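Secondary and tertiary structure notes
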Amino acid sequence: MTDAPKAITLENDPLAAYCFSPAWQVGGLLFLSGQASIGADGSIVGAGDFDAQLAQTFANIERVLAAGGSDLSKVVKVTIYLTDMANFPKIVEARQRWFTPPYPADTTVEVRSLALPELMVEIDVIASV
C-alpha cells in the first residue's frame, strides 16, 4: 500500500496568493516548489544583492523542509535557476555552506527572468523525509 500524496502547508505562507503548494510529500520524498528571496510578508528580500537573496532562498528552503519533516541534510536533488551565470561561483560556495558531502545532485541553468523581475535566483528541491 502506498501513501497518498500530501500537500505541505505553511502558516502565513507569503506565496499562497500565487496558488501553489510549498511542497508535496509523495511516499518518502518531498518535492518543494521553487523557493526564492521572498520574505514572510511577501516582499522581495535583497533586491539587487545576490548574496542576500541566496541566504533568504535557503532560509525559505529550510522552512519548507521543516514543515515537511525534513532538513537540508536530506536533500537529494536541487535545480538552481540563475538570471546571471556570473553568480555560479557563489552557488559552489553555497553548496559547501548549506550542504555536506555527499552533495545533492544538481542542475544549474541560466534563465532570462524569474517570476518577479527583482529575483536573481530560484531553487527547487527534492528531499527525503
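Notes on the structure follow. Everything quoted here is computed from the prediction, not taken from an experiment.

Parameters and conventions
Residues numbered from 1 in each chain as written. Predicted model: local features only at pLDDT ≥ 70, side-chain atom pairs only at ≥ 80, totals over all residues. Heavy atoms only, no water. Core = buried A, V, L, I, M, F, W, Y, C linked by side-chain atoms within 4.5 Å. Buried < 20%, exposed > 50% of the residue type's maximum accessible area, 1.4 Å probe, protein only. Helix = DSSP H or I, 4+ residues; strand = E, 2+ residues; numbered from the N terminus. Contact = heavy atoms within 4.5 Å. Phe/Tyr/Trp six-rings, centres within 6.5 Å; stacked < 30°, edge-to-face > 60°. Axes fitted to C-alpha atoms, helices over the stretch in contact; angles between N-to-C directions. Left-handed = near helix turned anticlockwise from the far one by under 90°. Nonpolar A, V, L, I, M, F, W, Y, C, P; charged D, E, K, R; others polar.

Residues L54, F58, L65, I123 and V125 are the most contacted members of the largest nonpolar core, which totals 25 residues. Listed by contribution, the elements that provide at least two residues to this core are strand 3 (29-32), helix 1 (50-67), strand 4 (75-82), helix 2 (88-98) and strand 6 (121-128). Among the elements that take part in this core, helix 1 stands out by supplying six residues, more than any other. The contacts of F58, once residues within four sequence positions are left out, are L72, A94, W98, F99 and I123. Ranked by size, the runner-up nonpolar core spans five residues in total, among them A36, I38, L114 and L119.

What follows is about the packing of aromatic side chains. All told, the structure shown has two aromatic pairs when counted by the stated rule. Ring geometry for F58 against W98: centres 4.1 Å apart, planes inclined by 5°, an arrangement best described as stacked. Linking F58 in helix 1 with W98 in helix 2, this pair joins segments that are 40 residues apart in sequence. You can call F58 buried: its relative accessible area is 4%. W98 sits in the buried class, given a relative accessible area of 16%.

Take the packing of helix 1 against helix 2 next. Taken N-terminus to C-terminus, the directions of helix 1 and helix 2 make an angle of 35°; their axes are 12 Å apart at the nearest point. Read as a crossing pair, helix 1 and helix 2 show a hand that is right-handed. Contact residues: helix 1 offers F50, D51, L54, A55 and F58, while helix 2 offers K90, I91, A94 and W98. Its residues placed into classes, the contact of helix 1 with helix 2 shows seven nonpolar, no polar and two charged.

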